[in-house]
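Understanding the architecture of this molecule
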Amino acid sequence: MEPVFHSDSYGYRPKRSAHDALRTCRQRCWRYDWALDLDLKSFFDSLDHSLVLKAVAHHTNVRWVLLYVERWLKAPLQLEDGTLKPRDRGSPQGSAISPVLANLFLHYALDMWLVREFSAVPFERYADDVILHCNSKAQAQLVLDAIIARLAAVGLELNLDKTRIVYCKDANRTGSDEHEQFTFVGYTFRPRSAMNRRGETFVSFSPAVSDDNAKRIGREIKRWRLHLWSGLTLADLAQAINPIVRGWINFYGRFYRSELTSLLRRIDEYLARWAMRKYKRLRRRPTRAFRFLAAIAAREPRLFAHWTLTRPTAG
């Protein structure tokens, strides 16, 4: 199926990533004034089995493939009490084949339909997360109305409370609108301060770690309660949290990194409290505790993964 899919479909595909989708989306937000943020309602649970099988049959007539896809789709759901619940719609999330079936369904239900009906409207799709770009609010509304009808024809619907038309406000766009931000693949796009090559600040419509994910990361850092791990060494703490922190940096640190950097500074606040509990000479002396951490970071800049962002000496 890989050669069949649209070039702006990014989810679950080799040599394509969420960052590729975000990069393309950012560039198009700079070129187009308006974005249409689609929220598909219960997508994986709503797939029409007959339409999925029809799409698969369009690309293969190998009977065992068709048989096993049908069995996969219709396998009953086992509830916690052991009873089986029949399935007449949807694709089981977590199964090995669900991602390609989802892409195949939306390839025909949305991607190719957009190419036929609205060839001048570019889009990025990562699984069921979709952003479209329009020249005007009126055009965005026209496209939205048509998409609602199209999805209804294939057994899907939008969550209209979360679907919105967004004004991509920046330094070159005057005026305002009810919605001036959207979230796509874990990043929130909105007007943000930026700096050009001459050191001048301006407003750019850019992505950074989403508000929900920032809160989730903050809760995770708090849940660690690092300041209570006084029986361990700093190396022990680093070994425990670095794999998680590297994951955050690798995914959420790709665009507008300063948002993530300020969030990760909270780790040092807990490490300073750890130091004050562990060493008598630092008790109730936060300034000395932070100096203690700074001295260690100067000697071992890679000890903690977040120091590569939060401390200029780390490299």
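The coordinates are above.
Residues numbered from 1 in each chain as written. Predicted model: local features only at pLDDT ≥ 70, side-chain atom pairs only at ≥ 80, totals over all residues. Heavy atoms only, no water.

**Some points on the pairing of strand 8 (residues 187-195)**
For strand 7 (residues 182-184) and strand 8, the ladder comprises three bridges, and the chain directions are antiparallel. In the sheet register, Phe182 faces strand 8, and the bridge partner there is Phe189. The antiparallel pairing of strand 7 with strand 8 creates a hairpin that spans two residues between the two strands, and Val185 there sits at a positive phi of about 50 degrees. Sheet topology note: the strand 8/strand 9 (residues 201-209) ladder contains nine bridges and is antiparallel. Looking across to strand 9, one finds that Arg192 is bridged to Ser204. (Pairing = 2+ DSSP bridges. Helix = DSSP H or I, 4+ residues; strand = E, 2+ residues; numbered from the N terminus.)

**Let's talk about the pattern of salt bridges**
The final tally for this structure, using the stated rule, is 14 salt bridges. Between Arg311 and Asp268 there is a salt bridge, and its shortest N-O distance comes to 3.0 Å. With a gap of 43 residues between them, Arg311 in the segment after helix 11 (307-310) and Asp268 in helix 9 (residues 258-278) connect regions that are remote in the sequence. For Arg311, a relative accessible area of 14% puts it in the buried group. Among the ionic contacts, a cluster of salt bridges with common partners joins Asp8, Arg28 and Glu124. (Salt bridge = Lys/Arg side-chain N within 4 Å of Asp/Glu carboxyl O. Buried < 20%, exposed > 50% of the residue type's maximum accessible area, 1.4 Å probe, protein only.)

**Notes on helix 8 (residues 234-252)**
Most pronounced at Ile241, the bend in helix 8 amounts to some 45 degrees, and the proline Pro243 follows within four residues. Along helix 8, the positions that sit buried rather than exposed are Leu234, Leu237, Ala238, Ile241, Asn242, Val245, Trp248, Ile249 and Tyr252. Among the structural elements, strand 8, strand 9, helix 7 (211-224), helix 9, helix 10 (286-299) and helix 11 are those in contact with the buried residues of helix 8. (Bend = angle between axes of the 7 residues up to and from the residue. Contact = heavy atoms within 4.5 Å.)

**What to know about the sheet that holds strand 5 (residues 129-134)**
Strand order in this open sheet of four strands is 4-5-1-6, and the pairing throughout is antiparallel. The sheet is open, and its two edges are formed by strand 4 (123-126) and strand 6 (164-167), each paired on a single side. Looking at each pair of strands side by side, their axes are set apart by 20 degrees on average, direction ignored. The sheet contact formed by strand 4 and strand 5 spans four bridges and is antiparallel. Bridged to Arg125 within strand 5 is Val130. Contacts from helix 5 (residues 98-117) reach strand 4 and strand 5, with the element oriented near 170 degrees to strand 4. (Axes fitted to C-alpha atoms, helices over the stretch in contact; angles between N-to-C directions.)

**Looking at a positive patch on the surface**
On the surface, Lys222, Arg225, Arg273, Arg277, Lys280, Arg283, Arg284, Arg285, Arg288 and Arg291 cluster together into a positively charged patch. Looking at the positive patch, the elements that each hand over two or more residues are helix 9 and helix 10. Secondary-structure assignment places Lys280 in the loop between helix 9 and helix 10. (Patch = residues over 30% accessible without salt bridge, like charges linked within 9 Å, V, L, I, M, F, W, Y side chains within 5 Å. Areas by Shrake-Rupley, 256 points an atom, 1.4 Å probe, with all protein chains shown as cover. Lys, Arg positive; Asp, Glu negative; His and termini not counted. Charge placed at Lys NZ, Arg CZ, Asp CG, Glu CD.)

**As for the sheet that holds strand 8**
Taken in spatial order, the three strands line up as 7-8-9 in an open sheet, and their pairing is antiparallel. Two strands bound the open sheet, and with one partner strand each, they are strand 7 and strand 9. Direction aside, the axes of adjacent strands within the sheet are offset by 50 degrees on average.

**Notes on helix 7**
Helix length check: helix 7, at 14 residues, gives a terminal C-alpha distance of 20 Å against a target of 20 Å (1.5 Å per residue), a fit within 8%. Every buried residue belonging to helix 7 is among Asn213, Ile217, Gly218, Ile221 and Trp224, and all of these are buried. An end-on view of helix 7 places all buried positions within 140 degrees of arc, on one side of the element. What points out from helix 7, more than 90 degrees from its buried face, is the exposed set Asp212, Lys215, Arg219, Lys222 and Arg223. Where helix 7 is buried, its residues touch strand 9, helix 8 and helix 9. (Expected span 1.5 Å × (residues − 1). Arc of directions from axis to C-beta.)

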